[in-house]
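So the chains spell out like this:
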Amino acid sequence: MSVEPFLERLQRGPAILGDGAWGTMLFARGLPTGDAPERVCLERPELLTEIAALYLEAGAEVVTTNTFGANPERLGLHGLGPDLEEICRAAVSAVRRAVGERAWISGSIGPTGVLLSPLGSLDPSVARAGFARQAAALAAAGADLLCVETMTDLAEAELAVRAAREAAPALPVVATMSFEATRRGFFTVMGVTPAKAAARLEAAGASAVGANCGDGDTMAGIAREFRAHCALPIAVRPNAGLPTIASGALVYPETPEAMAARVPGLLEAGVALVGGCCGTTPEHVRALWEALGRKV
Amino acid sequence: MDLLNQLAEDLRLGEDDAVRAGTQAALAAGVAPGEILREGLLAGMAVVGEEFGRREIFLPDVLLAARAMQAGMEILKPHLASDGAPPAGRVVLGTVQGDLHDIGKNLVGILLRGAGWEVIDLGTDVPAARFLEAAESSGARVIGLSALLTTTMPRMAEVVALLRERGLAGRVKVVVGGAPVTQAFADEIGADGWGFDAESAVRSVKTLMESV
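Attention here is on the structure that accompanies the text. All of these numbers come straight from a predicted model, not from anything done at the bench.

Some words on the overall build of chain B
Helix and strand counts for chain B stand at nine helices and five strands. Shown N-terminal to C-terminal, the secondary structure of chain B runs as helices and strands in the order α-α-α-α-β-α-β-α-β-α-β-α-β-α. Its C-alpha atoms give chain B a radius of gyration of 18 Å, near enough to 17 Å, the size a compact globule of 212 residues would have. Over its C-alpha atoms, taken along the principal directions, chain B stretches across nearly 55 × 35 × 25 Å. Relative to its 212 residues, chain B shows a buried fraction of 52%. Within chain B, counting contacts between residues at least 6 apart in sequence, those at least 24 apart form 74% of the total. Accessible area of chain B: about 8,900 Å², with a carbon and sulfur share of 50%. Of note, chain B has its 19 positive side-chain charges centred 5 Å away from the centre of its 29 negative side-chain charges.

Brief notes about the interface of chain B and chain A
Buried accessible area, meaning the area lost when the parts come together, often serves as the stated size of an interface. Between chain B and chain A, the contact holds 28 residues from the first and 26 residues from the second. Together chain B and chain A conceal approximately 2,300 Å² of surface at their shared face, both sides included; 66% is due to carbon and sulfur atoms. Looking only at chain B, the three residues that lose the most surface to chain A are Arg55(B), Phe58(B) and Thr151(B), adding up to 23% of its buried area. Of the charged contacts, one joins Glu56(B) and Arg183(A) as a salt bridge, the two residues approaching to 3.9 Å between their closest N and O atoms. Between the two partners, chain B and chain A, sit six residue pairs in polar contact (both at pLDDT 80 or more). Sorting the residues of the side of chain B that touches chain A by element identifies α4 (59–83), α7 (154–165) and α8 (183–189) of chain B as the ones contributing at least two each. With five residues, α4(B) is the largest single contributor of residues to the side of chain B that touches chain A. Taken together, the residues of the side of chain B that touches chain A sort by class into 15 nonpolar, six polar and seven charged.

Considerations on the sheet that holds strand β1 (residues 89–95) of chain B
Residues and elements named next belong to chain B. Taking strand neighbours across the sheet as the criterion, the five strands line up as β2-β1-β3-β4-β5 in an open arrangement whose pairing is parallel. A strand with exactly one partner marks an edge of an open sheet, and here the two such strands are β2 (117–121) and β5 (193–195). Averaged over neighbouring strand pairs, the angle between their axes works out to 25° when direction is ignored. As paired elements, β1 and β2 share five bridges and run parallel to each other. Within β2, the position partnered with Arg90 by the bridge is Glu118.

Some points on helix α13 (residues 282–291) of chain A
For α13(A), the complete set of buried residues consists of Pro282(A), His284(A), Val285(A), Ala287(A), Leu288(A) and Trp289(A). Positioned one or two residues after α13(A), Gly293(A) has a phi angle of 80°, which is positive.

Looking at unusual backbone geometry
Residues apart from glycine generally show negative phi values, whereas peptide bonds are mostly found in trans. All names here are of chain A. That bond from Gly13 to Pro14 is cis: its omega, -5°, falls within 30 degrees of zero. Relative to the helices and strands, Pro14 resides in the loop between α1 (6–12) and β1 (16–17). The step from Ser117 to Pro118 runs through a cis peptide bond, and the omega angle for that step is 10°. Looking at the secondary structure, you find Pro118 in the loop between β3 (104–109) and α7 (124–140). The backbone phi angle of Cys213 is positive, close to 55°, even though this residue is not glycine. You can see Cys213 is positioned in the loop between β8 (208–212) and α10 (219–229).

Considerations on the side chain of Thr176(A)
Residues and elements named next belong to chain A. Looking at the secondary structure, you find Thr176 in strand β5 (residues 173–177). Here Asn212 takes part through its side chain, which lies 2.9 Å from a polar atom of the side chain of Thr176. Once you skip the residues sitting within four places of it in the chain, Thr176 turns out to touch Val148, Glu149, Thr150, Met151, Val209, Gly210, Ala211, Asn212 and Ala235.

Some points on helix α1 (residues 2–12) of chain B
Residues and elements named next belong to chain B. Listed in full, the buried residues belonging to α1 are Leu4, Leu7, Ala8, Asp10 and Leu11. Along the axis of α1, the buried positions cluster into a sector of 165°, meaning they face one direction only. At the C-terminal side of α1, Gly14 shows a positive phi close to 75°.

A few points about the sheet that holds strand β4 (residues 145–151) of chain A
All names here are of chain A. The strand order across the open sheet built from eight strands is β1-β12-β9-β8-β5-β4-β3-β2, with neighbouring strands paired in parallel fashion. Either end of the sheet is taken by a strand with one partner, and the two such strands are β1 and β2 (62–64). In this structure, strand β9 (residues 234–237) lies alongside strand β12 (residues 271–274), joined through three bridges in parallel fashion. By the bridge assignment, Ala235 is partnered in β12 with Leu273. Sitting on the sheet, helix α6 (residues 84–99) touches β2 and β3, and the angle it makes with β3 is about 155°.

Each value, and the rule that gives it
In every chain, residue numbers begin from 1 and rise along the written sequence. Following the order in which they are written, the chains are lettered starting with A and the ligands numbered starting with 1. With the structure being a predicted model, the display of local features is reserved for residues of pLDDT at least 70 and the display and counting of side-chain atom pairs for 80 or more, all residues being used for whole-chain, interface and lining totals. Here the side-chain values reflect all heavy atoms present in the structure, with hydrogen atoms and water set aside. Segments assigned H or I by DSSP are reported as helices when at least four residues long, segments assigned E as strands when at least two residues long, and all are numbered from the N terminus. Only the C-alpha atoms count toward the radius of gyration. The rule for a globule is 2.2 Å times the residue count to the power 0.38. Using a 1.4 Å probe on the protein chains alone, a residue whose accessible area is under 20% of its type maximum counts as buried, one over 50% counts as exposed, and one in between counts as partly exposed. Any two residues having at least one pair of non-hydrogen atoms within 4.5 Å are treated as being in contact. Throughout, the Shrake-Rupley method with a 1.4 Å probe supplies accessible areas, and for residues the shown protein chains are the sole cover considered. The charged-residue count follows a simple rule in which Lys and Arg add positive charge and Asp and Glu add negative charge, with His and chain termini not counted at all. By convention, the point assigned to a charge is CZ for Arg, NZ for Lys, CD for Glu and CG for Asp. Accessible surface is computed with a 1.4 Å probe, and the buried area is the amount of it that two parts give up when combined, taken over both parts together. What makes a salt bridge here is a side-chain nitrogen of Lys or Arg within 4 Å of a carboxyl oxygen of Asp or Glu, nothing more. Contacts described as polar in this section are N or O atom pairs within 3.5 Å, which, within protein, must combine one atom able to donate a hydrogen with one able to accept it, while residues neighboring in sequence count only if both atoms come from side chains. Lys, Arg, Asp and Glu make up the charged group, whereas Ala, Val, Leu, Ile, Met, Phe, Trp, Tyr, Cys and Pro make up the nonpolar group; the residues left over, Gly among them, are polar. Pairing between two strands is assigned when DSSP locates at least 2 bridges connecting them. Whenever a helix is involved, its axis is fitted only over the stretch in contact; in every case the axis is a line through C-alpha atoms, and angles between N-to-C directions fall within 0 to 180 degrees. Throughout, the arc means the angular range of directions from the helix axis out to the C-beta atoms.

Next comes the structure, spelled out in structure tokens:
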């Protein structure tokens, strides 16, 4: 599938099917709590290959790497800073072993978890250098595209997109932020609207823009706002609702059917890539696959 | 009174210099330090909390206001001791064991301090037993637990269970919050309160303090 460049398909359609959650899948396989999920790349890469195979089998055309927190700030919390390049390399290789050329590999780039100065303590140039390191490592390992995701601060999202474009100029960058519905419309917790995100992420060099890690009910509305404010393809990856605890285990309430029922609305709103975030599983991806009319 | 209204408004807008000057002016005018705290700084911070709760303002505005609050407090603090203005109460706060996220927890701390509480912040990756020790040694009646990872949420249940085991349930209340934490989850583990966001966490603490 990588034979056709990702960007051409994104622009030409039909809508691309992404994968689902990785953390949810890893924790179901006994990942210890509190440790960096990226440590799995070094110590148990076979788990990543297993999960990638499940998503491929469910119909995913894009499979994400387990590198959401593989930036110097987050890895540093766990003493893994020096392992950034090896983590990215192992993460891409593990997915490649499962998908071969049958799916595009999307190198995940999440937020640093630290507020940028002047609000917080992180120097923007330091953040940018970290994102560049991560993007370069993912590209060198063979990722087909990069996804800057779960961003709430537009300045940080722009830094990540610019750093990725510079460090890995051959790779398209999908940039998505996390919005919530308020009485005055959709905003990230930092106060960013889809309209503002659309314009500035497009200017930063993103190949596609949109939303992830949010309530599924908000996604079509957010997509329409992006549509109105930029010419780029739109990507959405909602959560499977907010988790509750049942007999000691966490349960995400949204069923694959409920998630799939939103697909027509998303397509109508112009979405070109749909996948899942927290709590979604291969079953959710399979339901999305059917809703996209891919049933054989 | 105009002085204090202006102080509250300057704090709401995050104007450090104006808050510093306004606090000094109120002191010079002979306003009681406790009144400056309550009617000026805390009144402004309360509006900030409410507006953030309704998402009429956002995280950057809250952080700027908190910074202005601190600027005012630096000037006010030496005068407060003699005035004897007591803190609203004491709260032990931390992110549960296995979880290193602290942006949300810090925000709750800022709003609690802003609302007059003394906050004992235990940081991140805090074992259940340490929450209890801190509550017992400080006499705090409320423990606030934060988690961002869905996988560390069960650690919140451990704190509640340990309080029961040690016979402290009811005397020390537990408020839980964090992105994945819901009211249903709080009920399930037997927590006393839940914060949808930082502002509602503070309201929850306030309600609980009135009941203990």
